[in-house]
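Tertiary structure, described
As a plain string of letters, each chain reads:
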Amino acid sequence: MTRTTFAPGDRVQLTDPKGRMHTVVLEPGKVFHTHRGALPHDDLIGLPDGSVVTSTGGTAYLALRPLLSDYVLSMPRGAQVIYPKDAAQIVAMGDVFPGAKVLEAGAGSGALTCSLLRAVGEHGDLHSYEIRPAFAEIARRNVEAFFGEAREPNTRVSGEAREPNGGLGGQIARAWTLHVGDVAECTETGFDRIILDLLTPWELLDLVDRALVPGGVLLGYVATTPQLSELVEALRARGGYTEPRAWESLVRDWHADGLAVRPDHRMIAHTAFLISARRLAPGVVAPPRRRKPSKGAEAYALKRASARTRAPVQTDSAEVVE
Ligand SMILES: C[S@@+](CC[C@H](N)C(=O)[O-])C[C@H]1O[C@@H](n2cnc3c(N)ncnc32)[C@H](O)[C@@H]1O
């Protein structure tokens, strides 16, 4: 059973009448101060989730435990996080299932990590690589703050209700391994799913070849069209994968007030592109896909072929070679 009343240590999101949000972590005796007066944490402790509390200045605040989608947008960041709309696509289209063995790089701020841990559940096996130690530390703290400190399994006090954020608190130690280092050096194999959120995922296809199980899903998350193209073409050139699929998701909120029903004026129009492909059995080459001939594709194939015969050009790793 999920815990429903607020307890010390709980993260609570307070929303004022103008929709502004503040997050507090409940501590007995502590007071949350705003320019609209003070709000003692003790007033919240013991109340059911979804209560209203009033500050000494008379302002009413709606108090709710943050959803994962609220949390990732408010948590401390090192690297840019994967937005909830894209994390949802990754979990659904990447078919991340309970018990799956998943490789993720880079862990960045740990936003996608939280969605993946929820999806694989307590019997899953998530390996997250992060090359920058400072970011790995942020990811570790963010994940632990959401699910609860990594405790040994089975330390739950008898009768204690399940953790509010999905019940993984005590299980993280078992389901999650955070590696500080270059994912290219990962020696583990047998991954059901591999998710790459870094600048040059096409440079990691040797790793994907050896580490992804036949039928497994590779998902790349890239911000620009040259990166999208580079990954798609590298997968095609290598063979051993299904025809890559590339897409993006656009989410538009709607304003609904009486008869004034229209799309919101503002939206997050672009975050990144997703590219997915499935690993084939060893030695299998997918039958060639017939595509309508296009001048652009032919010209690009010629350009890539001539680039392959030229000596490699020294560039910054973040740049795309033209
Ligand atoms: C955009 S961030 C990832 C954000 C993360 N998915 C999240 O939702 O919070 C990209 C991360 O990849 C890391 N990175 C880049 N190359 C890497 C590599 N070869 N191995 C491991 N991590 C790498 C970077 O340090 C950076 O933190």
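Check the entry above for the structure.
Figured I'd write up the structure that's included with this text. On a predicted model such as this, the values are computed, not experimentally measured, just so you know.

Turning our attention to the packing of helix α3 (residues 111-120) against helix α4 (residues 133-147). Contact pair α3 / α4: the axes reach a minimum separation of 9 Å and the direction vectors enclose 45 degrees. By the angle class used here, α3 and α4 are oblique. The interaxial crossing formed by α3 with α4 has right-handed handedness. Residue-level inspection shows T113, C114 and L117 of α3 in contact with α4, the latter providing A139, V143, F146 and F147.

The local shell around the ligand holds 21 residues, among which A79, I82, G106, G108 and A111 are the closest. Among the secondary structure elements, those contributing two or more residues to the shell around the ligand are α3 and β8 (125-130). For the shell around the ligand, a count of residues per class yields 12 nonpolar, 5 polar and 4 charged.

Next up on the list: unusual backbone geometry. Each neighbour pair has its own omega, and for A105 with G106 the value is -15 degrees, a cis peptide bond. Mapped onto the elements of the fold, G106 is located in the loop between β7 (101-105) and α3. We note that D95 has phi near 55 degrees; this positive angle belongs to a residue other than glycine. With respect to the helices and strands, D95 occurs in the loop between α2 (84-93) and β7. A count of 16 C-beta atoms within 10 Å places D95 in the partly exposed class.

The next thing to look at is the nonpolar core. Judged by nonpolar contacts, the single largest core of 55 residues is most densely connected at V102, L116, L117, V120 and I194. If we skip the residues at most four places from it in the chain, V102 touches V96, L116, V120, G124, L126, F191, D192, R193 and I195.

Here we come to the environment of A136. Mapped onto the secondary structure, A136 falls in helix α4. For A136, a count of 22 C-beta atoms within 10 Å puts it in the buried group. Placed 29 residues apart in sequence, A136 and A107 show a C-alpha to C-alpha distance of 6.8 Å. Filtering out sequence-adjacent residues up to four positions away, A136 remains in contact with A107, E130, L178 and V180.

The rules behind these values
- Residues numbered from 1 in each chain as written.
- Predicted model: local features only at pLDDT ≥ 70, side-chain atom pairs only at ≥ 80, totals over all residues.
- Axes fitted to C-alpha atoms, helices over the stretch in contact; angles between N-to-C directions.
- Helix = DSSP H or I, 4+ residues; strand = E, 2+ residues; numbered from the N terminus.
- Parallel < 35°, antiparallel > 145°, perpendicular 65-115°, else oblique.
- Left-handed = near helix turned anticlockwise from the far one by under 90°.
- Contact = placed C-beta atoms within 7 Å.
- Near = placed C-beta within 6 Å.
- Nonpolar A, V, L, I, M, F, W, Y, C, P; charged D, E, K, R; others polar.
- Buried ≥ 20, exposed ≤ 12 C-beta atoms within 10 Å, placed from the backbone.
- Core = buried A, V, L, I, M, F, W, Y, C linked by C-beta atoms within 7 Å.

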